[in-house]
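Coordinate inspection notes
Take a look at the letters that make up each chain.
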Amino acid sequence: MAKKVLGQIKLLIAAGKANPSPPVGPALGQRGVNIMEFCKAFNAQTQNLGDSSVPVIITVYEDRSFTFITKMPPATELIKKEMKVQKGSSNVGKAKLGVISRESLKRVAEIKMPDLNTKDMDQAIKIIAGSAKSMGYEIEG
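For clarity, every value in this text was computed on a predicted model and none was experimentally measured.

**Concerning the packing of helix α4 (residues 102–112) against helix α5 (residues 121–135)**
Each pair of packed helices can be described by the angle between their axes along with the distance between the axes. Between α4 and α5, the shortest axis-to-axis distance is 8 Å and the interhelical angle comes to 105°. Judged on the interaxial angle alone, α5 and α4 are roughly perpendicular. Between α4 and α5, the contacting residues are R102, L105, K106, V108, A109, E110 and K112 on the first element and M121, D122, A124, I125, I128, A129 and A132 on the second. Of the residues that constitute the contact of α4 with α5, the class distribution is nine nonpolar, no polar and five charged.

Okay, structure coming up:
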C-alpha cells in the first residue's frame, strides 16, 4: 500500500550546498523531516552540478519519510552562464544586454528540455527565447 502524502515542499538550493540553515532547515523542520538526512542525500546527488541553483520538490509522507526530485537550473541562470554575465538588464524595456544567437538558445534548451512542457526543439527554443527577452536580450534573426 502506498504511503500517505503529508505535503510537498519546493525549494531552490545551491547544488551540493544544502545545510540546516534557512531556507532548508525551517521548511523541513516544520514537517518533521530529518534535515541532515535530506542535506546529505541532496548534496550527494547534486555535487557534480557546480555552482548552479537547483530547484527541488520534496514529498513528505505521514511517517516523516521523504523523497525528492531535482530539476534543471532555472532558464535565466543557464542563459547567464551561456552569455557569461552576472545578471539580467535592470531596465529591460530600454537597456539591452546584447544579442543572443539561436545556437546559444538551442544549447540552453537542450539542457533545460527535461523540465519543459514540450518535446519539440523549436518550441523549446521559443520558451528559452522568451526568458532571454525578459532578461534584456535581443533574439538574433
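From this point, the discussion proceeds with the structure in view.
**Some points on the side chain of T46**
Examined against the element boundaries, T46 turns out to sit in helix α2 (residues 35–46). A distance of 2.8 Å separates a polar side-chain atom of T46 from the backbone oxygen of F42. If near-sequence neighbours (up to four positions away) are discounted, T46 is found in contact with A15, G16, V54 and T70.

**Structural notes on the domain arrangement of the protein**
Interfaces are often sized by the amount of accessible area the parts lose when they come together. Partitioning the protein into structural domains gives domain 1 (5–70) and domain 2 (75–139). Using only C-alpha atoms to locate each centre, domain 1 and domain 2 end up separated by 27 Å.

What counts, and where the lines are drawn
Residues numbered from 1 in each chain as written. Predicted model: local features only at pLDDT ≥ 70, side-chain atom pairs only at ≥ 80, totals over all residues. Heavy atoms only, no water. Axes fitted to C-alpha atoms, helices over the stretch in contact; angles between N-to-C directions. Helix = DSSP H or I, 4+ residues; strand = E, 2+ residues; numbered from the N terminus. Parallel < 35°, antiparallel > 145°, perpendicular 65-115°, else oblique. Contact = heavy atoms within 4.5 Å. Nonpolar A, V, L, I, M, F, W, Y, C, P; charged D, E, K, R; others polar. Polar contact = N/O pair within 3.5 Å; in protein donor to acceptor, adjacent residues only side chain to side chain. Domains from an automatic or database assignment.

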